[in-house]
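# Working through the structure, step by step
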Amino acid sequence: MRDWVRRRGASAGRGLVLFGLGAAGPVPFLGYVLAIVLITIGACAPGERLLDRCRAAANSARRFARRQGIDADVDYLPVPPVPQPDAEGRYRWENYLYRTPHLPHYIQRVRRVSDDPATARDMNWMLLSPFVGAPLGLLAVLIGRRALRWHTRWTASLLGPPRPPRAWWSETRRALLDCWRLLVLGLLSVLNLLGAVWLVVTFLLLHAVGAHRFWARIAASATALTGLNRTLAARWSGVEIPAPHRPEPPAPEPTSDGLYRSGDRLTESPAPAIRHARYENVLRDPATWRDLAWLGGDLVVTAALVVPPAALTLWATQSVWAPFWVWVVEALTDLEFPDSPWQDWFAAHRVVTAGLGVAAIAAVLVLAPLAMRLHGWWARSLLAPTRRAELARRVRRLTETRADAVDAEARELDRIERDLHDGPQARLVALGLKLGAIRVLLDRDPQRARDMLDETGADSRRVLDELRDLVRGIRPPVLVERGLADAIRSLALDVALPVEIVGSLPGRCPMAVESAAYFAVSELLGNVLKHAEADTARVELGYAAGVLRIAVTDDGRGGADTGGGTGLRGIRRRLGTFDGTLDLSSPAGGTTRATMEIPCALSSPKTSSSSATA
């Protein structure tokens, strides 16, 4: 009897603790919202400290679930380190370069909060705790340990490691994430408006005092801010928006007398000429003014998208949540709250009000993804390049890739010439000299002549082997005879690492595309061996919608960067010849995945030797 009373008392005590934790869920939730606001407006250090303190409530629920034997531990994304400069002293973030590390570090810290799945699960749990966690805590006071197990399972389902979700829950979770993303976009729209005001004011002031040539540096902040919005539109709304800005103008060439032209005057230093060229480039770039128009109008459009879900959420909270807890508190205590119209309505129409509140929450879950897609379309309407800018960018791209192809071909010819000169050509010259010596020795020393003939045969075989190796370096025979898929499988057998090959190709790519893809995969696997410290690697092959896709993945230490060496840049140049792309994902300490995409057409499977052999 004593054991039963002790167990019931312990269950009741834990239930009261869980009830208090669930009822207080909105407090850390508001703390999370305030932390996101602080980080978004640039106060990252206090926002991150507040974020860590708000996580204590969710972590206490995880500890309780762990005591009940259910794993609910997760890892939060760490604070990103301060970016390090590259060889040119610039700080890189994705496809943008910055003069100082402050803006890229700020963007990484904002994305750390917005993209952290554990943070989103914490906020979902805190928002639902008054509706689910607190009632289960009260139920544990009444029925004991069974309700505690229900609470633990519910906590683990929200706060624990992600599991393969069901279709309906996946859509619901995505809608909840879109709600938080709308909140971030609303805060960011305020920052966008402030940025637009800052640009207009500095533009007028600089032109008023005659320092207009420095405005190009100020306009770079607008490019960085719109670059953040383009990235968020791609990640959250699924709308890819390429940067439409013109490239920086080349350095001015000096005149015959050593002066540099800066507008209508000549200067001895190239700095004024460079500033003038950048100013003219930014001033005449339509993308600059489209960025400014978007920054100024984003607040209005985002507010129109955020207000309906926010109003429905507020209405559901006021009509369901607050009256419900007033009724609960008055039922459990002697406290009496002053009468109000909504309290009287709730008392008279509890079922109707609860149904309308649930309908409002469902409407929010429907409107949030729609609002995110509409915001992505709005961003693309102004931030995407125009048709004229797209054609100009395409011409620049083709010009650059053609120049890269010509340079690569010239380097390859130089390499072949050097290899022939230093290898087979030298051996053939030596072989000719030996044959001349044999002709002299045939009458004087036949035995010595026969020995030299044997040596000559061995030399000829070595020359043949060198020529074969040289040909394989230009175009491997297995690639010519069996196709790209089998050539990559043959390449994987020569790698001192377990490599899994997944997928196949329904036909043959053009020979030039196969050669570029083959050597790109060879370079990536070589990087895995030299730098990744990986145990296994994986190569995925596929072809869809006229695009050849090859992904190389390893389980190494990560941290790869296209700006850190010549190998990855060489791959991008090689693929760029065919309008291909290389996408690299390599977080520090995580899996590295390099995805190559090359537009091409396949030949018929019937004429594909690789598919026929397979």
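Residues numbered from 1 in each chain as written. Predicted model: local features only at pLDDT ≥ 70, side-chain atom pairs only at ≥ 80, totals over all residues. Heavy atoms only, no water.

### A word on the nonpolar core
Counting residues in hydrophobic clusters, the biggest one holds 43 residues, and the most contacted among them are Tyr32, Met123 and Trp125. Of all the secondary structure elements, the ones that give two or more residues to this core are α2 (26-40), α3 (44-67), α4 (102-114), α5 (117-143), α6 (145-159), α7 (167-208), α8 (215-237) and α12 (350-383). Considering every element that reaches this core, the biggest residue donor is α7, with seven residues. Apart from the residues lying within four places of it in its own chain, the contact partners of methionine 123 are Phe29, Tyr32, Val33, Ile36 and Trp180. If you look at the next biggest cluster of nonpolar residues, it comprises 37 residues, including Leu479, Cys509, Leu541 and Val552. (Core = buried A, V, L, I, M, F, W, Y, C linked by side-chain atoms within 4.5 Å. Buried < 20%, exposed > 50% of the residue type's maximum accessible area, 1.4 Å probe, protein only. Helix = DSSP H or I, 4+ residues; strand = E, 2+ residues; numbered from the N terminus. Contact = heavy atoms within 4.5 Å.)

### Focus on α3
Over its 24 residues, α3 extends 34 Å from the first C-alpha to the last, a length consistent with the 34 Å expected when each residue adds 1.5 Å. Within α3, the axis deviates most sharply at alanine 57, by approximately 35°. Of the positions making up α3, those classed as buried are Cys44, Gly47, Glu48, Leu51, Cys54, Arg55, Ala57, Ala58, Ala61, Arg62, Phe64 and Ala65. (Expected span 1.5 Å × (residues − 1). Bend = angle between axes of the 7 residues up to and from the residue.)

### Considerations on the side chain of threonine 226
Relative to the elements of secondary structure, threonine 226 occurs in helix α8. In contact with threonine 226, not counting residues within four places along its chain, are His245, Asp291, Leu295 and Leu383.

### Some details on the environment of arginine 261
Looking at the element boundaries, arginine 261 is found in strand β3 (residues 260-262). Counting along the chain gives eleven residues from arginine 261 to proline 272, while the straight-line C-alpha distance between them is 8.6 Å. Apart from the residues lying within four places of it in its own chain, the contact partners of arginine 261 are Leu266 and Ala273.

### Quick word on α6
Here α6 spans 20 Å end to end across 15 residues, near enough to the 21 Å set by a 1.5 Å rise per residue. When α6 is considered as a whole, its buried residues turn out to be Ala147, Leu148, His151, Thr152, Trp154, Thr155, Ala156, Leu158 and Leu159.

### Quick notes on the pattern of salt bridges
Enumeration over the complete set of coordinates arrives at 14 salt bridges. Ionic pairing is found between glutamate 48 and arginine 112, a salt bridge with its closest N-O pair at 4.0 Å. On the criterion of sequence distance, the pair formed by glutamate 48 in helix α3 and arginine 112 in helix α4 is long-range, its members being 64 residues apart. Each member of the pair, glutamate 48 as well as arginine 112, carries the same accessibility label: buried. Here aspartate 291 ties to arginine 230 by a salt bridge, and the two come within 3.2 Å at their closest N and O atoms. On the criterion of sequence distance, the pair formed by aspartate 291 in helix α10 (residues 286-332) and arginine 230 in helix α8 is long-range, its members being 61 residues apart. Taking the relative accessible area as the measure of exposure, aspartate 291 reaches 2% and is therefore buried. A single network of salt bridges, built from pairs that share partners, joins Glu500, Arg538, Glu540 and Arg593. (Salt bridge = Lys/Arg side-chain N within 4 Å of Asp/Glu carboxyl O.)

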